[in-house]
Amino acid sequence: MLKNFARKCLYACGALGLYHRLRNADSLTVVMFHRTLRPDDPRWKACDPDYTLSDDLFRRSIAFFARHYAVVSLAQVLRARREGGTLPPRSLLITFDDGWLDNVDYALPALRDAGLPAVMFVAADAVGARQPFYQERIIGAWRRGALDVAALADAVGEAPQGEGLPAIRRSIATLEAMTPDERARRLQPLATALDDGLRHMVDVADLHALRAGGVELGLHGKRHLHITRAADPDEELGGARDAMAAMLDTSLDSALDAPEGAASIACATMSFPHGAYDDAIAARARETGYELLFTSVPVLNPVVGGPSWLLGRTGYETETVADAQGRFRPEKLAWYLFRRETRRLA
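The structure presented is a predicted model; accordingly, all values stated were derived computationally and were not measured.

Reading guide: rules and limits
Numbering of residues starts from 1 in every chain and runs along the sequence as written. It should be noted that, the model being predicted, local features are given only for residues of pLDDT at least 70 and side-chain atom pairs only at 80 or more, the latter also being counted only at that level, while totals for whole chains, interfaces and linings use all residues. Values reported for side chains reflect all heavy atoms of the structure, with hydrogen atoms and water molecules removed beforehand. Under the scheme used here, helices are H or I runs from DSSP no shorter than 4 residues and strands are E runs no shorter than 2 residues, and both carry numbers assigned from the N terminus. The buried label applies to any residue whose accessible area, calculated with a 1.4 Å probe on protein chains only, is under 20% of its type's maximum; exposed applies above 50%, and partly exposed to all values in between. Contact criterion: two residues are considered in contact whenever any of their non-hydrogen atoms come within 4.5 Å of each other. Lines fitted to the C-alpha atoms define the axes, with helices restricted to the stretch that makes contact. Angles between their N-to-C directions range from 0 to 180 degrees. Just so you know how the angles are binned, under 35 degrees is roughly parallel, over 145 roughly antiparallel, 65 to 115 roughly perpendicular, and the rest oblique. Take the far helix as the reference: if the near one is turned anticlockwise from it by less than a right angle, the crossing is left-handed, and if turned clockwise, right-handed. For this classification, Asp, Glu, Lys and Arg are treated as charged, while Ala, Val, Leu, Ile, Met, Phe, Trp, Tyr, Cys and Pro are nonpolar and the rest, including Gly, are polar. Take a side-chain nitrogen of Lys or Arg and a carboxyl oxygen of Asp or Glu: if they are within 4 Å of each other, that pair is a salt bridge.

Chemist: Outline the environment of Phe294, supporting the account with residue identities and numerical values.
Modeler: Mapped onto the fold, Phe294 is located in strand β9 (residues 292–294). Exposure remark for Phe294: the relative accessible area of 0% places this residue in the buried category. Counting along the chain gives 18 residues from Phe294 to Gly312, while the straight-line C-alpha distance between them is 6.1 Å. The contacts of Phe294, once residues within four sequence positions are left out, are Val30, Leu74, Leu93, Phe121, Met270, Ser271, Phe272, Leu311 and Arg313.

Here you go:
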């Protein structure tokens, strides 16, 4: 309680803000969201709580960003990288991963109302899919009561490893280590339980609506796999770019020949699915043609002389911004973001 009180005082008197203005003037903060939902939305009851923010907390968060940062677009970051240019002091880039439809429903209107840009990194094969990735379908089925720990463990081929959501996550980790064919075979008997009948992912029309609303696009792999485990990493890298070019109704060559075009930006940028990468994968991604690669390493990015091609991002969850009663706490968010390590990843 004393720590919370001290943080509140430091924020209220402006000391935290001054610290941020002095310390982070020459850095780029990249924040990473996944889902944004309203609690009365039917998708809320089954979403993964670790990766979902209420629309109210999201709106309060972006108001905080507008107050303390210069919110920049992906095009500005890419241009600074290409030209060795500068970004505004205390720049911040808002990013979303995966391709969730709820970002169109709730985050896009909030961003439009605030006049702020953002970027969605889209898993190419998720576009047009009604149901989400298997990890989220499993958690959703458990939260709805359609799947229990024992049934999932039996399907995975192991004894239950505890209770509740931690046990579900452990079984998911076992599935993630399997080949796609083996995983599909294991999950096939659970297909009915895993389908909630709702649409969760964006389609091509949604991609165009995002772009029209000021949300740029990037890639998040092709099938949302850990690229370090993929049997064909080139398919996850190059295949994703080909798919994006097709969805934006342009050839990959023409997209890359238009350096300031939206298609060029989308095909030149990627965030690593699950944050999984190594030096070899990062190098291969650059060889494939990606100019900006986003990790899940929670560091601030130095920008003097231009940003690096490999950028850190800071994860963002409800506990990052809210107290135990779910109330937005700007001092908590300031303490979390302003003090991050600043480090160039490459």
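Chemist: Can you lay out the packing of helix α2 (residues 15–23) against helix α17 (residues 330–338) for me, pointing to particular residues and giving the numbers?
Modeler: Two numbers describe a pair of packed helices, the interaxial angle and the distance between the axes. It is at 11 Å that the axes of α2 and α17 come closest, and there the two elements cross at 25 degrees. Between α2 and α17, the angle is such that the two are roughly parallel. Along this stretch, α2 crosses α17, giving a crossing that reads as left-handed. Where α2 abuts α17, its residues Leu16, Gly17, Tyr19, His20 and Arg23 lie against Glu331, Ala334, Trp335 and Phe338. Of the residues assigned to the contact of α2 with α17, the class counts are five nonpolar, two polar and two charged.

Chemist: Before we move on, could you go through the pattern of salt bridges and cite the residues and values that matter?
Modeler: Enumeration according to the criterion identifies 23 salt bridges in this entry. The residue Asp102 makes a salt bridge to Arg35 at a minimum N-O spacing of 2.8 Å. Taken together, the positions of Asp102 in helix α5 (residues 101–114) and Arg35 in strand β2 (residues 35–37) put the pair 67 residues apart, joining distant regions of the chain. By relative accessible area, which is 4% here, Arg35 ends up buried. Put simply, Asp50 and Arg169 hold a salt bridge, and the shortest N to O gap is 3.1 Å. Note that Asp50 is positioned in the loop between β2 and β3 (52–54) and Arg169 in helix α8 (residues 164–176), a separation of 119 residues in sequence. In this structure Asp50 comes out as partly exposed when scored by relative accessible area, which is 33%. On the basis of relative accessibility, which here comes to 26%, the residue Arg169 falls in the partly exposed class. Through salt bridges with shared partners, a single ionic network connects Asp41, Arg43 and Asp105.

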